[in-house]
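Below are the chains, spelled out letter by letter.
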Amino acid sequence: QVQLVESGGGLVQAGGSLRLSCAASGRTFSNYATGWFRQAPGKERELVAAINWSGGDATYYADSVKGRFTISRDNAKNTQYLQMNSLKTEDTALYYCAAALSWRTVVNGTPNYWGQGTQVTVSS
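Thresholds, definitions, all that
Residues numbered from 1 in each chain as written. Predicted model: local features only at pLDDT ≥ 70, side-chain atom pairs only at ≥ 80, totals over all residues. Heavy atoms only, no water. Pairing = 2+ DSSP bridges. Helix = DSSP H or I, 4+ residues; strand = E, 2+ residues; numbered from the N terminus. Axes fitted to C-alpha atoms, helices over the stretch in contact; angles between N-to-C directions. Buried < 20%, exposed > 50% of the residue type's maximum accessible area, 1.4 Å probe, protein only. Polar contact = N/O pair within 3.5 Å; in protein donor to acceptor, adjacent residues only side chain to side chain. Contact = heavy atoms within 4.5 Å. Salt bridge = Lys/Arg side-chain N within 4 Å of Asp/Glu carboxyl O.

A. Up close: the sheet that holds strand β8 (residues 79-84). Taken together, the four strands give an open sheet; going across it, the order is β1-β3-β8-β7, and neighbouring strands pair in antiparallel fashion. Taken across any chain shown, the strands that pair with only one partner, and hence form the sheet edges, are β1 (3-7) and β7 (69-74). Recorded for the sheet is a direction-independent mean angle of 15 degrees between the axes of neighbouring strands. Looking at chain direction, strand β3 (residues 18-25) and β8 are connected through six bridges and run antiparallel. The partner of Cys22 across the bridge, within β8, is Gln80.

B. Spotlight on the side chain of Arg68. Position of Arg68 among the secondary structure elements: in the loop between β6 (59-61) and β7. By relative accessible area, Arg68 is classed as buried at 11%. Within the local environment of Arg68, its side chain forms a polar contact with the backbone oxygen of Ser64, the two atoms lying 2.8 Å apart. Among residues more than four places away in sequence, those in contact with Arg68 are Gln83, Met84, Asn85, Ser86, Leu87, Lys88 and Asp91.

C. Here's a closer look at the pattern of salt bridges. Under the defined criterion, the tally for this structure stands at four salt bridges. Note that Arg38 and Glu46 form a salt bridge whose closest N and O atoms lie 2.7 Å from each other. Owing to a relative accessible area of 6%, Arg38 belongs among the buried residues under this scheme. Judged by its relative accessible area of 32%, Glu46 is partly exposed. With its nearest N and O atoms 3.1 Å apart, the salt bridge here joins Asp63 to Lys66.

Right under this line is the structure:
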C-alpha cells in the first residue's frame, strides 16, 4: 500500500548538517504515523524520531538526538524529513524511514512499512 523512498544521506564532517527526505507513493501520509530509525554497525536498530498523523505537537525523539534533530512532515507532498544538525560521529548509521497507521507500532519498533535505508556517515 505504501512505498517509501529515501534520500539525503551522505558523508558529512562532525558539527555539520544533513536533511533526510522520505517520499511516499501509493498512499498519502495524511493518516499515518511516521518516523525514522537507525542502525549502526554492531548495534541494534533504534527509533530516532517519530511524528503522529495529527501534526507536529505529537512527536518523539531519542534522548541522544534531542535538541539536534527535528522531524517534520509535508502531507501535501507525502514527504517526511529529518533535519540533523550538530552531527556527531556517534550518529553514523543506516537510517530508515518508516510508516504505520498506528502510533504504537512505530514507537514500539514494528511499523508496517519501511524504506530501503540511507547511509549517514559523520567524520571527525
